[in-house]
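As a plain string of letters, each chain reads:
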Amino acid sequence: MKRSSRSVGPRRRAFFGVLVLLAGVSSSVAAADAGPGPLGVTVRAAPTPPSARIGALFHADRADWTGGHFCTASVVHSAHRDLIVTAAHCLGGDGDTDLVFVPGYRYGKAPYGVWPVQRMLLPDGWEAGRSEDSDVAFAVLAPRGGKHVEDVVGANRFVTGTTTGATAVTVTGYPDEEEAPVVCTNKPAAHSRTQQRIVCPGFSTGTSGSPWVNGDGQVVGVLGGHEDGGDTDDVSYSVVLGREAAEAYRDAVGLP
């Protein structure tokens, strides 16, 4: 499970005794998708404008931020410019009603501010029975100082109906044991009709909700789904973003 250190079950192993994990990965370069380097290699994510759109989720009552994040989320475009996407299991737990999103979080710092979660939108399939095929959710953030989060860090576009593995994707997330995000680019593959998988080492507990972004800046997957995103650090999953995800997004942005 990659949701959080709060999950029931054995804690996932700590990551990054070494910074880059090279064993058994492809030497192909993901240049076509503007990835960080060779396919299947995980490194520390550099602080860039695209990575600023990705952040960590915290409980709002923390006295400080260091070591307290539990899932990953990212800003996606909407008319109200206040929308993030993450895994439904990151938002659907008991007591998880008072959360904040910290885009670009690094080492206890919030370079782009702390944004309160104002409203959560969970798919019907998740609310009805925690279906792993419905493990994508959205949250609306409250504005800060008259600004919206998308005005500050920009946004990727949430896209459904893409073909799994058509291009490489870049996955960025926050392991619980790390105070900066990690990033990996690889080509996803079909796990089933409703689930896709990607091989990227070091995506341990806390990386649930990490966006899978293609070279066009489109979110085509969200780490979660099967086994709450995967029960090993090296293979991660996402729901295939189809009809239900599209409906959830329309509800989140207020479209008919």
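Everything discussed here concerns the structure shown above.
Our subject in this report is the structure included herewith. (Residues numbered from 1 in each chain as written. Predicted model: local features only at pLDDT ≥ 70, side-chain atom pairs only at ≥ 80, totals over all residues. Heavy atoms only, no water.)

**Description of the sheet that holds strand S11 (residues 189-190)**
Read from one edge to the other, the open sheet built from three strands follows the order S11-S12-S15, with strand pairing classed as antiparallel. Bordering the open sheet on either side are S11 and strand S15 (235-239), each of which pairs with just one other strand. The sheet contact formed by strand S12 (residues 195-199) and S15 spans five bridges and is antiparallel. Note that in S15 the partner of Gln 196 across the bridge is Ser 238. (Pairing = 2+ DSSP bridges. Helix = DSSP H or I, 4+ residues; strand = E, 2+ residues; numbered from the N terminus.)

**Considerations on the packing of aromatic side chains**
Throughout the structure, instances matching the rule amount to six aromatic pairs. Here Phe 58 and Tyr 105 contribute two aromatic rings whose centre-to-centre distance is 5.1 Å and whose plane-to-plane angle is 65 degrees, an arrangement assigned as edge-to-face. Pair noted here: Phe 58 is in strand S2 (residues 54-59) and Tyr 105 is in the loop between strand S5 (99-103) and strand S6 (115-121), with a separation of 47 residues, a long-range link. The same class applies to Phe 58 as to Tyr 105, namely buried. Through successive ring pairs, a cluster of aromatic residues spans Phe 58, Trp 65, Tyr 105 and Tyr 174. Stacked on the ring of Trp 115, the Lys or Arg Arg 144 has its end atom at 5.3 Å from the ring centre. (Phe/Tyr/Trp six-rings, centres within 6.5 Å; stacked < 30°, edge-to-face > 60°. Buried < 20%, exposed > 50% of the residue type's maximum accessible area, 1.4 Å probe, protein only. Lys NZ or Arg CZ within 6 Å of the ring centre and 35° of its normal.)

Taken by themselves, the reported measurements are silent on function.
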